[in-house]
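# Working through the structure, step by step
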Amino acid sequence: MNTGDTAFMLIASALVMFMTPGLALFYGGLVRSKNVLSTIMQSFICLGIVSIIWVAYGYSLAFGPDIGGFIGNLDWAWLNGVGTRPGPYSSNIPNLLFCTFQLMFAVLTPALITGAFAERMKFSAFLIFTFLWSSLVYMPVCHWVWGGGWLEKMGALDFAGGTVIHINSAMAALAAVLIMGKRKGWGHEIFHPNNLPATILGGGILWFGWFGFNAGSALAAGGSACLAFLTTQVAAGAATLSWVFAEWIFQGKPTTLGAASGALSGLVAITPAAGFVSPVSAIIIGLVAGVLCYMAVLAKSRLGYDDALDAVGVHGIGGIWGALATGLFASVTMNPHGANGLFFGNPHQFVVQATGVGATMIYSFVVSAIILKAVDITVGLRVNIEEEVQGLDISQHSEVGYSL
Amino acid sequence: MKKIEAIIKPFKLDDVKDALDEIGIRGMTISEVKGYGRQKGHQEIYRGAEYVVDFIPKVKLEIIVEAEQAAQAVEKIRESAYTGKIGDGKIFVFPVEEVIRVRTGERGKEAI
């Protein structure tokens, strides 16, 4: 047990928690004013649902004693035996603290999906979906990568959750977009963001919280956390610039939403690599992420998918790039507990990373699609057309965001 | 009595107000409006999605003047709202049947 590490991880956990309301603001500002509260609510309510699931059985499924590399068993249900002594994942902090830190990740991940189906999903259906998705998709994938599952045993590197959080949520987002269809008016009406300053502030909060997310994933207040902190900062900065300059070149104007989106794409991309790559590699990862995600967002409109707030374009493409880039740029001189990537003479690591990406994509997409279909058949995923036109704030919550 | 309604560029409002003040016009009602005419809309870009916004913000200004002052007021508005570029706006003049001041009940030009 180390009190310094414990103090650091308590703060890191609080920082990661703060990302969920940050995301709520980020997404909330991007929708039309009639849907601002319903969008914020979808993120915020995850703090409720997932916290309870996590204590009841979630932590046990994700991190409890392994069953066949696929999932944990229920020995730790209701946190049975999870106490103030260190657990198997870290000898320096209480198991309870590791559990708390991981809880915040589990809260954020389903909230990320909400960007895809914003402005059209029934609140009741959303709650059921989130409950099922956390249990059947998040917990297993989390176990594969961090809980002693098959990907971890294979040597896949995912420092802070590129596969578990970003690719995982983005594939659920893609399934949701395909199954739920477009918003009414897509393609001919203007979907004006109602409050871009809120979005920029939300992006800033996410960036701030990401230091807890990435540096905290070192699980100790040491050199690895410092490396992750700096790589996070420079990758986000680089991606901010590359997205803004890409849109300036291709569309004539540098936009604030482009800056915030670019920052987010860089943060997503550096997540799996944060503690394994050098700061210079982080800059390259960020620069590529900004341009790549910008291109993905442009392609979306041409392909005709209504991924309302670009959960797939940013978290999916950024996440895939980050996971693969970890297999290119990882270096044991930066982190002896990591591995060398392709550029440091180890092509095998790239293959392992690609396997992790592929497996997560397929599993998440398929199971998410089944859950969505099941919810659609039983309670219906979408609000009716009248409620959609009226806005989800009034139709789902009987509130309005702004009374000016 | 006449009502003059002018649609002008928002940044010209202060100039127009000062010009009307010079000729003794002491009251007006303004509203922020949106519209389009010969001036095309502008483009907005959100995450790469480009939208042409047809309706451009303008200010609508309404004043009531005595009939004989109307021509002068129109001329003042035209001079002060002028930039020479497309989108400077339009001025409409209507006859007014009656004006009543709510507080005193005065009618006609006394009430202006």
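Residues numbered from 1 in each chain as written. Chains lettered and ligands numbered in written order. Predicted model: local features only at pLDDT ≥ 70, side-chain atom pairs only at ≥ 80, totals over all residues. Heavy atoms only, no water.

### As for the overall build of chain B
In terms of regular secondary structure, chain B is built from two helices and six strands. The linear arrangement of helices and strands in chain B, starting from the amino end, is β-α-β-β-β-β-α-β. Relative to the globule expectation of 13 Å for 112 residues, the C-alpha radius of gyration of chain B, 17 Å, shows a markedly less compact shape. Within chain B, the proportion of its 112 residues that are buried is 34%. Taking as baseline every contact in chain B between residues at least 6 positions apart, the subset at least 24 positions apart corresponds to 72%. Taken together, the 20 basic and 20 acidic charged side chains of chain B have centroids lying 4 Å from each other. (Helix = DSSP H or I, 4+ residues; strand = E, 2+ residues; numbered from the N terminus. Rg over C-alpha atoms; globule rule 2.2 N^0.38 Å. Buried < 20%, exposed > 50% of the residue type's maximum accessible area, 1.4 Å probe, protein only. Contact = heavy atoms within 4.5 Å. Lys, Arg positive; Asp, Glu negative; His and termini not counted. Charge placed at Lys NZ, Arg CZ, Asp CG, Glu CD.)

### Observations concerning the packing of helix α1 (residues 3-30) of chain A against helix α2 (residues 36-44) of chain A
Any two packed helices are characterised by the angle at which their axes cross and by the distance between the axes. All names here are of chain A. Following both chains from N to C, one finds α1 and α2 inclined at 155 degrees, their axes separated by 8 Å at the closest point. With respect to α2, the axis of α1 lies roughly antiparallel. Handedness of the α1/α2 crossing: right-handed. Residue-level inspection shows Thr 20, Leu 23, Ala 24, Tyr 27 and Gly 28 of α1 in contact with α2, the latter providing Val 36, Thr 39, Ile 40 and Ser 43. (Axes fitted to C-alpha atoms, helices over the stretch in contact; angles between N-to-C directions. Parallel < 35°, antiparallel > 145°, perpendicular 65-115°, else oblique. Left-handed = near helix turned anticlockwise from the far one by under 90°.)

### Considering the sheet that holds strand β5 (residues 56-65) of chain B
Residue and element names in this part refer to chain B. The four strands are arranged β2-β5-β1-β6 in an open sheet whose pairing can be described as antiparallel. Here the strands that pair on one side only, and so sit at the sheet edges, are β2 (29-35) and β6 (89-95). Averaged over all pairs of adjacent strands, the angle between strand axes in this sheet comes to 20 degrees, irrespective of strand direction. Relative to β5, β2 runs antiparallel, the two being bridged by seven bridges. Across the sheet, the residue bridging to Ser 31 is Lys 60, located in β5. Those strands touched by helix α1 (residues 13-22) are β1 (2-8), β2 and β5, and its axis lies near 10 degrees from that of β5. Against the sheet, helix α2 (residues 70-81) contacts β1, β5 and β6, and its axis sits at roughly 10 degrees relative to β1. (Pairing = 2+ DSSP bridges.)

### Some remarks on the pairing of β5 of chain B
Residues and elements named next belong to chain B. Buried residues dominate β5, accounting for seven of its 10 residues. When β1 meets β5, the two strands line up antiparallel, connected through seven bridges. In the strand pairing of β5, Ala 6 is matched with Leu 61.

### Re the interface of chain B and chain A
Tallying the contact residues gives nine residues for chain B and 18 residues for chain A. Viewed at the interface, chain A and chain B are joined by one salt bridge. In this structure, Arg 47 of chain B and Asp 310 of chain A form a salt bridge, with 3.1 Å as the shortest nitrogen-oxygen distance. At the surface where chain B touches chain A, the tally comes to seven residue pairs in polar contact (both at pLDDT 80 or more). Of all the secondary structure elements, the ones that give two or more residues to the side of chain B that touches chain A are β3 (42-46) and β4 (49-53) of chain B. Sorting elements by how many residues they give to the side of chain B that touches chain A places β4 of chain B first, with four residues. (Salt bridge = Lys/Arg side-chain N within 4 Å of Asp/Glu carboxyl O. Polar contact = N/O pair within 3.5 Å; in protein donor to acceptor, adjacent residues only side chain to side chain.)

### Focus: unusual backbone geometry
For Leu 219 of chain A, which is not glycine, the phi dihedral falls at a positive 65 degrees. By the element assignment, Leu 219 of chain A lies in the loop between α8 (196-216) and α9 (223-251). Residues other than glycine seldom take positive phi values, yet Arg 47 of chain B does so here, at roughly 50 degrees. Tracing the sequence through the fold places Arg 47 of chain B in the loop between β3 and β4.

### Focus on the confidence of the model for chain B
Averaged over every residue, the pLDDT of chain B is 93; the share at 70 or more is 100%. Of the two predicted TM-score estimates for the complex, the pTM is 0.90 and the ipTM is 0.73. (pLDDT = per-residue confidence, 0-100.)

### Thoughts on the nonpolar core
Counting 122 residues, the largest nonpolar core has Trp 54 and Tyr 138 of chain A as its most contacted members. Those residues within four positions of Trp 54 of chain A in sequence are excluded, and the remaining contacts are Tyr 59, Ala 62, Phe 63, Leu 79, Cys 99, Gln 102, Leu 103, Ala 106, Tyr 138 and Met 139 of chain A. With 16 residues, the next largest nonpolar core counts Ile 23, Val 59, Leu 61 and Ala 73 of chain B among its residues. (Core = buried A, V, L, I, M, F, W, Y, C linked by side-chain atoms within 4.5 Å.)

### A few points about the packing of aromatic side chains
Working definition: an aromatic ring pair is given by the centre-to-centre distance plus the angle between the planes. All names here are of chain A. What the rule picks out here adds up to 28 aromatic pairs over all chains. Seen in terms of ring centroids, Phe 101 and Phe 105 are 4.9 Å apart; in terms of plane orientation they differ by 65 degrees. Their pairing is edge-to-face. Separated by four residues within a single helix, Phe 101 and Phe 105 lie in helix α4 (residues 95-113), roughly one turn from each other. Residue Phe 105 is classed as buried on the basis of its relative accessible area, which comes to 0%. (Phe/Tyr/Trp six-rings, centres within 6.5 Å; stacked < 30°, edge-to-face > 60°.)

### What about the pairing of strand β4 (residues 90-94) of chain A?
Residue and element names in this part refer to chain A. The element β4 is extensively covered by neighbouring structure, given that four of its five residues are classed as buried. Of the pairings in the sheet, the one linking strand β3 (residues 86-87) to β4 comprises two bridges and is antiparallel in character. For Gly 87, the partnering residue across the bridge sits in β4 and is Ser 90. The antiparallel hairpin formed by β3 and β4 contains two residues in its connecting segment.

### Side note on a nonpolar patch on the surface
Residues and elements named next belong to chain A. A contiguous nonpolar patch, built from Leu 241, Phe 245, Trp 248, Ile 249, Phe 250, Val 291 and Met 295 and spanning about 710 Å² of accessible area, is present on the exposed surface. Breaking the nonpolar patch down by element, the ones donating at least two residues are α9 and α11 (279-303). A per-element tally of the nonpolar patch places α9 first, with five residues. With respect to the secondary-structure elements, Val 291 resides in helix α11. Classification of Val 291 by relative accessible area gives partly exposed; the value is 31%. (Patch = residues over 30% accessible without salt bridge, like charges linked within 9 Å, V, L, I, M, F, W, Y side chains within 5 Å. Areas by Shrake-Rupley, 256 points an atom, 1.4 Å probe, with all protein chains shown as cover.)

### Overview of helix α3 (residues 46-63) of chain A
Taking 1.5 Å of rise per residue, the 18 residues of α3 of chain A would be expected to cover 26 Å, yet its terminal C-alpha atoms sit only 20 Å apart, more than 12% below that figure. Burial within α3 of chain A is extensive, with 13 of its 18 residues counted as buried. (Expected span 1.5 Å × (residues − 1).)

### A closer look at the pattern of salt bridges
Residue and element names in this part refer to chain A. As enumerated under the stated definition, the model contains 16 salt bridges over all chains in all. Salt-bridge contacts for Glu 119 lead to Arg 32; the nearest nitrogen and oxygen are separated by 3.1 Å. Highlighted residues: Glu 119 in the loop between α4 and α5 (123-146) and Arg 32 in the loop between α1 and α2, separated in sequence by 87 residues. For the residue pair Glu 119 and Arg 32, the accessibility class agrees, reading buried in each case. Between Glu 388 and Arg 382 there is a salt bridge whose closest N-O contact spans 2.8 Å.

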